[in-house]
Amino acid sequence: MFLVYVIGFFVLYKLIDRLVRIPMIGRYADRYILITGCDTGFGNLLAKRLDQLGCHVFAGCFSEKGETDLKKVSSERLHAFSLDVSNTESIQKALAFVKSKLPEGKGLWGIVNNAGILSSLGPPEWIRLEDYKLHCDVNLWGVINTTLEFLPLIKKQKGRVVNIASIAGLTTFADFAPYCISKHGVEVFTDSIRRRLRPFGCKAILIEPGVHKTAIVGEDRLISWARKTFDKAKPDVREEYGEKYANYLSSKDALQGLLSKGSERISDVIDAYEHALLGCFPRARYLIGWDAVYMYMPIQYLPEWLGDWIYELVDKNRPLPASVSK
């Protein structure tokens, strides 16, 4: 009987929680929102979505082409501009640009730190220190620097900071160490500012997608990065692992386990972004994708030896390093 009560209470809680999240804030024409990384992918789609809803959007683009293409398909409410989040001067120029476009006395309703890169794939010792730094420059320091520069405008409006982390910020994919390190950092930073922004009436929210089939995890792109990462490794490391190992990791077989579980429902992430920005009662974090919810997170709570064994089982065709198999 006790179990029935527990199940009933859980179901009731989930129902109430879902119903509470339905109302949206409205008055979209009064909302001014900054988004980074709008050239392609999540940022590009979110900028278009918010523009269609009637929000005023500042869309930071890394490339001139991304900026031009976005302007062609957007209304006058959307301001696309150049932004490199790894460069402090670029962020400060973006701040001046945004201030010049805001109505007098108005702040920002939201900052969406969406810009990110993934450009190395392989065992941690394959990857040069500069590649670790590059991932953190964009994915972590870029998030922190952009947030800190624009935070006064968020406080003025009692707005929201929305940061994209990843399931890779909650668990670890051994061949993606620089990316995981940067996303773990985003988790910590966002948790910290969420707690300290509460007295100001502001919110900080995490978006945590599982694997989604966007350009950043395209099969050909990942294969290319695996090969490049191996070729850039120190000679003794390349000898230790050998060509057989490198050829496997830069093949479709090696990526099948990861990409086959990836979702094509990109709109789920955009919906989460939208609710985080415009919902009356946003969640503190949005874990998105069946792989994140039902596979990677449960594995994270297992004993380490069991979780490691499951990951090895999924990747059972991986050869041993050459120096080990001798």
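Located above this text is the structure these notes cover.
Remember, predicted model here, so these are calculated numbers, not experimental data.

Trainee: So, the overall build of the chain: which residues are in play, and what are the values?
Mentor: Along the backbone of the chain there are 14 helices and seven strands. At 21 Å, the chain has a C-alpha radius of gyration in line with the 20 Å of a compact globule built from 326 residues. Principal-axis analysis of the C-alpha atoms places the extent of the chain at approximately 70 × 65 × 35 Å. Within the chain, the proportion of its 326 residues that are buried is 50%. In the chain, 71% of the contacts between residues at least 6 apart in sequence involve partners at least 24 apart. Counting only carbon and sulfur atoms, one obtains 58% of the accessible surface of the chain, whose full area is about 16800 Å². Across the chain, the centroid of the 43 positively charged side chains sits 7 Å from that of the 37 negatively charged ones.

Trainee: Provide a residue-level description of empty space enclosed by the protein, including the pertinent values.
Mentor: Evaluated as defined, the whole model comprises one cavity of 30 Å³ or more. In this structure, the largest cavity spans a volume of roughly 30 Å³. Around the largest cavity, the lining residues are Ser119, Ser120, Asp131, Trp225, Lys228, Thr229 and Lys232. Take the lining of the largest cavity: its biggest share by element is four residues, from helix α8 (residues 219-232).

Trainee: Now, about the side chain of Arg31: what can you tell me, with residues and values included?
Mentor: Its place among the elements puts Arg31 in the loop between α1 (2-20) and β1 (32-35). We note that Arg31 is buried and unpaired, the nearest opposite charge coming from Asp30 at a distance of 6.2 Å. Ignoring anything within four residues of it in the chain, the contact list for Arg31 reads Ile25, Gly26, Cys55, His56, Trp109 and Leu278.

Trainee: Give me the packing of aromatic side chains: which residues, what numbers.
Mentor: Applying the stated criterion across every chain, the model contains nine aromatic pairs. Aromatic pair Trp126 and Tyr241: ring centres 5.6 Å apart, planes at 85°, arrangement edge-to-face. One end of the pair, Trp126, is in the loop between β4 (110-113) and α5 (129-139); the other, Tyr241, is in helix α9 (residues 235-249), and 115 residues separate them in sequence. Tyr241 shares its class with Trp126; the two are buried.

Trainee: Summarise the sheet that holds strand β2 (residues 56-61); cite the residues concerned and give the values.
Mentor: In spatial order, the strands read β3-β2-β1-β4-β5-β6-β7; together these seven strands make up an open sheet with parallel pairing. Of all strands in the sheet, those bounded by a partner on one side alone are β3 (78-82) and β7 (285-288). Averaged over all pairs of adjacent strands, the angle between their axes in this sheet comes to 15°, without regard to strand direction. In this sheet, strand β5 (residues 160-164) lies alongside β4 in parallel orientation, the contact comprising four bridges. Residue pairing across strands places Gly110 opposite Arg160, the latter belonging to β5. Sheet strands in contact with helix α6 (residues 141-157) are β1, β4 and β5, and its direction is about 175° off that of β4.

Trainee: Go over the environment of Asn113, please, and point to the residues and values.
Mentor: Position of Asn113 among the secondary structure elements: in strand β4. Assessed through its relative accessible area of 2%, Asn113 is described here as buried. C-alpha of Asn113 to C-alpha of Tyr179: the two residues are 66 residues apart in sequence and 15 Å apart in space. When residues no more than four places from it in sequence are discounted, the contact partners of Asn113 are Thr36, Gly142, Val143, Thr146, Thr147, Val161, Val162, Asn163 and Ile164.

Trainee: Lay out the packing of α8 against α9 with the relevant residues and their values.
Mentor: Across the interface, α8 lies against α9 with an axial gap of 10 Å and an inter-helix angle of 170°. In terms of their interaxial angle, α8 and α9 are classed as roughly antiparallel. Touching Ala226, Arg227, Phe230 and Asp231 of α8 are Arg238, Tyr241, Gly242, Glu243, Ala246, Asn247 and Leu249, all from α9. Of the residues belonging to the contact of α8 with α9, the class tally is five nonpolar, two polar and four charged.

Trainee: Can you tell me about helix α11 (residues 266-278), naming the residues and giving the values?
Mentor: With 13 residues, α11 ought to run about 18 Å at 1.5 Å a step, and its terminal C-alpha atoms sit 19 Å apart, in line with that. Every buried residue belonging to α11 is among Ile266, Val269, Ile270, Ala272, Tyr273, Glu274, His275, Ala276, Leu277 and Leu278, and all of these are buried. Looking at the packing, one finds that the buried side of α11 touches β1, α2 (41-53), β4, β5, β6 (203-209) and β7.

Rules behind the numbers
Residues numbered from 1 in each chain as written. Predicted model: local features only at pLDDT ≥ 70, side-chain atom pairs only at ≥ 80, totals over all residues. Heavy atoms only, no water. Helix = DSSP H or I, 4+ residues; strand = E, 2+ residues; numbered from the N terminus. Rg over C-alpha atoms; globule rule 2.2 N^0.38 Å. Buried < 20%, exposed > 50% of the residue type's maximum accessible area, 1.4 Å probe, protein only. Contact = heavy atoms within 4.5 Å. Areas by Shrake-Rupley, 256 points an atom, 1.4 Å probe, with all protein chains shown as cover. Lys, Arg positive; Asp, Glu negative; His and termini not counted. Charge placed at Lys NZ, Arg CZ, Asp CG, Glu CD. 1 Å grid on protein atoms, 1.4 Å probe; cavity = no way out; pocket = protein on both sides within 12 Å on 5 of 7 lines; lining within 4 Å. Points joined across faces, edges and corners; volume = space filled by probe spheres on them. Salt bridge = Lys/Arg side-chain N within 4 Å of Asp/Glu carboxyl O. Phe/Tyr/Trp six-rings, centres within 6.5 Å; stacked < 30°, edge-to-face > 60°. Pairing = 2+ DSSP bridges. Axes fitted to C-alpha atoms, helices over the stretch in contact; angles between N-to-C directions. Parallel < 35°, antiparallel > 145°, perpendicular 65-115°, else oblique. Nonpolar A, V, L, I, M, F, W, Y, C, P; charged D, E, K, R; others polar. Expected span 1.5 Å × (residues − 1).

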